[in-house]
Protein chains: 2
Amino acid sequence: VEITAESVADGVTERRFDLKVAGETVPGLHWLPEGEPRATVLLGHGGTGSKRAPNITALAGRLVRECGYAAVALDAPAHGDRMSAEQRAAMEARVAARQQRETPGGRGLAPSLFRSLMDTAPQAAAEWQGLLDELGPGAFGYYGVSMGTVYGMRLLAGEPRISVAALGLGGLLEEEQRRQAAAITIPVLFLFQWDDTLMEREQALALWDAFGSADKTMHVNPGPHGGIPDHERDAVVAFLHRHLG
Amino acid sequence: VEITAESVADGVTERRFDLKVAGETVPGLHWLPEGEPRATVLLGHGGTGSKRAPNITALAGRLVRECGYAAVALDAPAHGDRMSAEQRAAMEARVAARQQRETPGGRGLAPSLFRSLMDTAPQAAAEWQGLLDELGPGAFGYYGVSMGTVYGMRLLAGEPRISVAALGLGGLLEEEQRRQAAAITIPVLFLFQWDDTLMEREQALALWDAFGSADKTMHVNPGPHGGIPDHERDAVVAFLHRHLG
């Protein structure tokens, strides 16, 4: 890991770093409290987002200030600083096309897009595992919704160092996910939006049902995919704090 | 209201009182903080329970100590101190018979029992309204699951003095409930147990969906009707505190 910048604001130290994994340079942000962090939460951003997505930086600030934890985010493959101008143009075209389909009668994520996320998940999980190797021993949690849940499930299903996870905005579309979900037995908080235009309600309920965890809770709110209410951030912080101490 | 006993423990004053409503004597408990309460939460117990049910007294203590609120519980019709020896024997027989039916293949509340709760709901709601009249102006919330939700919905659908409600363990079985739910537009937290043997999942989801509230959240946990995890008490306190201030 190479630290490329560092700043301090409101008691939170923010380090910009480059992680080298399997020939890739993965840009990340590491947020740290003043003392030794009591735990570290990995923050996986959603599709089209980045390590600086508003929900990521807001949650990071709260975890550091309110819990004394560290938080860390990586740019996912082909996202953030890893996105070329061509990739950004293609992404913006995809988002615009998708928004046109987001009518009450036009639900559902394109299967080809979902499959491409599943195909990239092993790489994304390997990058998180490379980061865990660099961070060394400690208590770890994971937060990620939407694409952050697709990648997070692949990571959590094979990663014993992470002991708690807040996930959401996902649904059970493929048999591979059922195997991953069954292998996830740590406490899980799962957030779902009742009027999500990308995931069917039944798919989301089935995914939550499939987690192997004895301690799992699903929070459902009205509104679209991107509309998780702010009070759920309180719930995520309380949930992680309850399990990471 | 006649106060029949008063005690103080851990900074919480507990008053036992008798409320007279429509010829009935309704026994209740009023828990108060040391100073002026900032709000009052009405606590509706479940079927076979009473104003001293463990979930009621535990929540009352937390609301008083952590939020500076008052809390108040009434014995519902034919419950607690309002239950004759014959009624208690009949209730215990009903519970025993129901537990025999509670197999994975034997879901569902007996329609006749549910109808009897709906028939008693107007009386239960009138008793709460009599109590609100006695308490005078103030900020009010409501908490009640299972029978406490059947009675609470009847109350909330026609009672503008209550501005927030935590409900749960209920389902949409009758058209009358759909009208009540649509008339409830205050913030609602709804708790549901995924393996409830009395309410079907689809009925619970339909009830949550039917609430007229823009701000509503459903928390789903694994486990049976009586098995709401302790951490949901944290969520109820946080939810009431967020709305009552």
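Reading the values: rules and limits
Residues numbered from 1 in each chain as written. Chains lettered and ligands numbered in written order. Predicted model: local features only at pLDDT ≥ 70, side-chain atom pairs only at ≥ 80, totals over all residues. Heavy atoms only, no water. Helix = DSSP H or I, 4+ residues; strand = E, 2+ residues; numbered from the N terminus. Rg over C-alpha atoms; globule rule 2.2 N^0.38 Å. Buried < 20%, exposed > 50% of the residue type's maximum accessible area, 1.4 Å probe, protein only. Contact = heavy atoms within 4.5 Å. Areas by Shrake-Rupley, 256 points an atom, 1.4 Å probe, with all protein chains shown as cover. Least-squares fit on C-alpha atoms with pLDDT ≥ 70 in both. Buried area = accessible area lost by both parts, 1.4 Å probe. Salt bridge = Lys/Arg side-chain N within 4 Å of Asp/Glu carboxyl O. Polar contact = N/O pair within 3.5 Å; in protein donor to acceptor, adjacent residues only side chain to side chain. Nonpolar A, V, L, I, M, F, W, Y, C, P; charged D, E, K, R; others polar. Pairing = 2+ DSSP bridges. Core = buried A, V, L, I, M, F, W, Y, C linked by side-chain atoms within 4.5 Å. Axes fitted to C-alpha atoms, helices over the stretch in contact; angles between N-to-C directions. Parallel < 35°, antiparallel > 145°, perpendicular 65-115°, else oblique. Left-handed = near helix turned anticlockwise from the far one by under 90°. Phe/Tyr/Trp six-rings, centres within 6.5 Å; stacked < 30°, edge-to-face > 60°. Lys NZ or Arg CZ within 6 Å of the ring centre and 35° of its normal.

Our focus in this paragraph is the overall build of chain A. Each helix and strand in chain A was counted, giving seven helices and nine strands. On C-alpha atoms alone, chain A measures out to a radius of gyration of 17 Å, which is about the 18 Å that the 2.2 N^0.38 rule sets for 245 residues. With the principal axes as the frame, chain A shows a C-alpha extent of 50 × 45 × 30 Å. Residue burial in chain A is summarised as follows: out of 245 residues, 53% are buried. The contacts of chain A with a sequence gap of at least 6 include a subset with a gap of at least 24, amounting to 69%. Carbon and sulfur atoms make up 50% of the accessible area of chain A, which totals about 10,000 Å².

Attention shifts here to the relation of the copies chain B and chain A. Between the two copies, chain B and chain A, the superposition gives an RMSD of 0.0 Å; the rotation angle is 180° and the shift along the axis is 0.0 Å. Here the symmetry operator amounts to a two-fold rotation axis. It is histidine 219 of chain B whose C-alpha, among those of chain B, lies nearest the rotation axis, at 2.3 Å. In this assembly, 100% of the residues forming the interface of chain B have copies in chain A that are likewise at the interface, indicating an isologous arrangement.

On to the interface of chain B and chain A. Contacts between the two partners involve 18 residues from chain B and, on the opposite side, 18 residues from chain A. Where chain B abuts chain A, roughly 1,400 Å² becomes buried across the two surfaces, and 61% of that area is made up of carbon and sulfur atoms. Joining chain B to chain A, the criterion identifies zero salt bridges. Remark: the boundary between chain B and chain A carries nine residue pairs in polar contact (both at pLDDT 80 or more). Among the secondary structure elements, those contributing two or more residues to the side of chain B that touches chain A are helix H6 (201–210), strand E9 (216–221) and helix H7 (231–244) of chain B. A per-element tally of the side of chain B that touches chain A places E9 of chain B first, with six residues. Taken together, the residues that form the side of chain B that touches chain A break down as seven nonpolar, four polar and seven charged. Pairing of strand E9 (residues 216–221) of chain A with E9 of chain B, which is carried by three bridges, proceeds in the antiparallel orientation. From the neighbouring strand, histidine 219 of chain A faces E9 of chain B, where its bridge partner is histidine 219 of chain B.

With 94 residues, the main nonpolar core has Leu42, Phe190 and Phe211 of chain A together with Leu42, Phe190 and Phe211 of chain B as its most contacted residues. Contact partners of leucine 42 of chain B, with chain neighbours within four places excluded, come to Val72, Trp128, Leu131, Leu132, Phe140, Gly141, Tyr142, Tyr143, Leu155 and Ile162 of chain B.

A separate point is the packing of helix H1 (residues 54–67) of chain A against helix H7 (residues 231–244) of chain A. All names here are of chain A. Two elements in contact, H1 and H7, have axes separated by 11 Å at closest approach and are oriented at 45°. When the axis of H1 is compared with that of H7, the two are oblique. Along this stretch, H1 crosses H7, giving a crossing that reads as right-handed. Side by side, H1 and H7 meet where Asn55, Ala58, Leu59, Arg62, Leu63, Glu66 and Cys67 of the first sit next to Arg233, Asp234, Val236, Val237, Leu240 and His241 of the second.

The next thing to look at is the side chain of glutamate 232 of chain B. Among the structural elements, glutamate 232 of chain B can be located in helix H7. Among the polar contacts listed, one links the side chain of glutamate 232 of chain B to the side chain of histidine 219 of chain B, at a separation of 2.8 Å. For glutamate 232 of chain B, the contacting residues outside a window of four places in its chain are Thr217 of chain A together with Leu191, His219 and Asn221 of chain B.

What follows is about the packing of aromatic side chains. Residues and elements named next belong to chain A. Under the criterion given, the structure shown has six aromatic pairs over all chains. Between the aromatic rings of phenylalanine 190 and phenylalanine 211, the centroid separation amounts to 6.0 Å while the plane-to-plane angle is 55°, which identifies the pairing as tilted. Of this pair, phenylalanine 190 sits in strand E8 (residues 188–193) while phenylalanine 211 is found in the loop between helix H6 (201–210) and E9, placing the two residues 21 residues apart along the sequence. Given the relative accessible area of 0%, phenylalanine 190 is considered buried. For phenylalanine 211, a relative accessible area of 3% gives the class buried. Its guanidinium or amino end placed over the ring of tryptophan 208, lysine 216 lies 4.9 Å from that ring's centre, counting from NZ or CZ.

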